[in-house]
Amino acid sequence: MDIAATLPSPTSPAPGADAQHQRRARIAGVLFLVTFVSAIAGAQLYGAALTDPDFVLGDASDTGPLLGAVCELILIAANIGTALALFPLLRGRFPALSLGYVAARLVECGFIAVGILSVLTVVSLHRSPADDPATAVTAGAFVALHDWTFLLGPGFVVGVGNGLLLGWMMYRSRLVPRWMAWCGLIGGPLVALSGIAVLFGAYGQFSPVSAVLTLPEIVWEGALGVWLVVKGVRPRAQEDTGRLTTSHGRQR
């Protein structure tokens, strides 16, 4: 009996690696969908805390903004989870870029966290018994801080991380169809450039122009989440990624 023939090929993935890759891909897909739901729910629940200048002087309930903050905490966890789930699939071929994607997700979450704190500060001012017009001015400053964090985090860093970096790695690795990866390669730079344009006052952050330029990135992230949940990663590309990861591990 040829013992060498029974050993796994040094260029093939470890036994069970295929199933593990698919499991990680589906976890990433679920987390991408969680980011969609939690981000939309958080924005809706913040409601008057971000849109009504007199919110801090009124008697409206704090429940909505507080639930919105919880939704955005879930968003932070899901964002980090997507990066951690995809990192093992991508690091073999893209050691630097995959780490850069994790870093971009962390930076985005840092901006989101600052935005959460600014909203909670508005809630604290709302709970203050002082009926002082200066309170509304202070609250307005924290609302402005939240808007800036939204612009620079989900409105800029996402374009670099989720759009450009992840789109390029998915395009080159073919873990998902290339037409889908093109949505990220196009949408990411558009979101980032739109954020810069808003920064310099070319148009409003929530204007129709901004919405149109953000659409390809939304399509990319939504399609990626659904594809990973339903299909996982493509088998042929998955095999190649496993080989590269195994090779990378031996070299280290």
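For clarity, every value in this text was computed on a predicted model and none was experimentally measured.

(A) Focus on the overall build of the protein. Within the protein, the regular secondary structure consists of nine helices and zero strands. Tracing the protein from N to C terminus, the helices and strands come up as α-α-α-α-α-α-α-α-α. A total of 252 residues make up the protein; the buried ones form 43% of that total. Within the protein, contacts between residues separated by at least 24 positions form 80% of all contacts whose residues are at least 6 apart in sequence. Just so you have it, the protein exposes about 12600 Å², and 70% of that area is on carbon and sulfur atoms.

(B) Broad picture of the pattern of salt bridges. The final tally for this structure, using the stated rule, is two salt bridges. Taking the shortest distance from any N to any O, the salt bridge between Glu-108 and Arg-105 comes out at 2.8 Å. Taken together, the residues span about one helical turn, with Glu-108 and Arg-105 both in helix 5 (residues 95-127) at a distance of three residues.

(C) The arrangement of the nonpolar core in detail. With 25 residues, the main nonpolar core has Leu-86, Leu-90, Leu-166, Met-170, Leu-224 and Leu-228 as its most contacted residues. Of all the secondary-structure elements, those providing two or more residues to this core are helix 2 (17-46), helix 4 (63-90), helix 5, helix 6 (133-173), helix 7 (178-199) and helix 8 (208-230). The dominant element in this core, judged by the number of residues it contributes, is helix 4, at five residues. Leaving out residues up to four positions away in the same chain, Leu-90 has contacts with Ser-98, Leu-166, Met-169, Ser-173 and Leu-175. Counting eight residues, the second-largest nonpolar core is a separate cluster that includes Ala-69, Cys-109, Ile-116 and Val-119.

(D) Layout of a nonpolar patch on the surface. A cluster of nonpolar side chains, namely Trp-148, Leu-152, Leu-193, Ile-196, Leu-199 and Phe-200, defines an oily patch on the protein surface of about 620 Å² accessible area. Only helix 6 and helix 7 provide two or more residues apiece to the nonpolar patch. Of the residues forming the nonpolar patch, the biggest block, three residues, is contributed by helix 7. Its place among the elements puts Leu-152 in helix 6.

(E) View of a positive patch on the surface. On the surface, Arg-93, Arg-172, Arg-174 and Arg-234 cluster together to form a positively charged patch. Checked against the element boundaries, Arg-174 lands in the loop between helix 6 and helix 7.

(F) Looking closely at the packing of helix 4 against helix 5. At a minimum axis distance of 10 Å, the contact between helix 4 and helix 5 shows a crossing angle of 175 degrees. By the angle class used here, helix 4 and helix 5 are roughly antiparallel. Taken together, the residues of the contact of helix 4 with helix 5 break down into 22 nonpolar, three polar and four charged.

(G) Broad picture of the packing of aromatic side chains. Scanning all chains against the criterion turns up three aromatic pairs. Geometrically, the ring pair formed by Trp-168 and Tyr-171 is stacked, given 6.1 Å between the ring centres and 25 degrees between the ring planes. Of this pair, Trp-168 and Tyr-171 are both found in helix 6, three residues apart, which corresponds to roughly one turn of the helix. Summarising the aromatic geometry, the rings of Tyr-171 and Trp-182 are spaced 5.4 Å apart at their centres and angled 65 degrees between planes, so their arrangement reads as edge-to-face. Taken together, the residues Tyr-171 in helix 6 and Trp-182 in helix 7 connect sequence positions 11 residues apart. Take Tyr-171: its relative accessible area is 17%, and that puts it in the buried class. A residue is classified by how much of its surface remains accessible, and Trp-182, at 43% relative accessible area, is partly exposed. Members of the aromatic cluster, connected to one another through ring pairs, are Trp-168, Tyr-171 and Trp-182. If you follow Arg-178 out to its NZ or CZ, it ends over the ring of Tyr-171, 4.1 Å from the centre.

(H) Focus on the side chain of Thr-35. Along the chain, the position of Thr-35 falls in helix 2. Taking the relative accessible area as the measure of exposure, Thr-35 reaches 5% and is therefore buried. A polar atom in the side chain of Thr-35 sits 2.4 Å from the backbone oxygen of Phe-32. Discounting residues that sit within four places of it in the chain, Thr-35 has contacts with Leu-75, Ala-78 and Asn-79.

So, how was this worked out
Residues numbered from 1 in each chain as written. Predicted model: local features only at pLDDT ≥ 70, side-chain atom pairs only at ≥ 80, totals over all residues. Heavy atoms only, no water. Helix = DSSP H or I, 4+ residues; strand = E, 2+ residues; numbered from the N terminus. Buried < 20%, exposed > 50% of the residue type's maximum accessible area, 1.4 Å probe, protein only. Contact = heavy atoms within 4.5 Å. Areas by Shrake-Rupley, 256 points an atom, 1.4 Å probe, with all protein chains shown as cover. Salt bridge = Lys/Arg side-chain N within 4 Å of Asp/Glu carboxyl O. Core = buried A, V, L, I, M, F, W, Y, C linked by side-chain atoms within 4.5 Å. Patch = residues over 30% accessible without salt bridge, like charges linked within 9 Å, V, L, I, M, F, W, Y side chains within 5 Å. Lys, Arg positive; Asp, Glu negative; His and termini not counted. Charge placed at Lys NZ, Arg CZ, Asp CG, Glu CD. Axes fitted to C-alpha atoms, helices over the stretch in contact; angles between N-to-C directions. Parallel < 35°, antiparallel > 145°, perpendicular 65-115°, else oblique. Nonpolar A, V, L, I, M, F, W, Y, C, P; charged D, E, K, R; others polar. Phe/Tyr/Trp six-rings, centres within 6.5 Å; stacked < 30°, edge-to-face > 60°. Lys NZ or Arg CZ within 6 Å of the ring centre and 35° of its normal. Polar contact = N/O pair within 3.5 Å; in protein donor to acceptor, adjacent residues only side chain to side chain.

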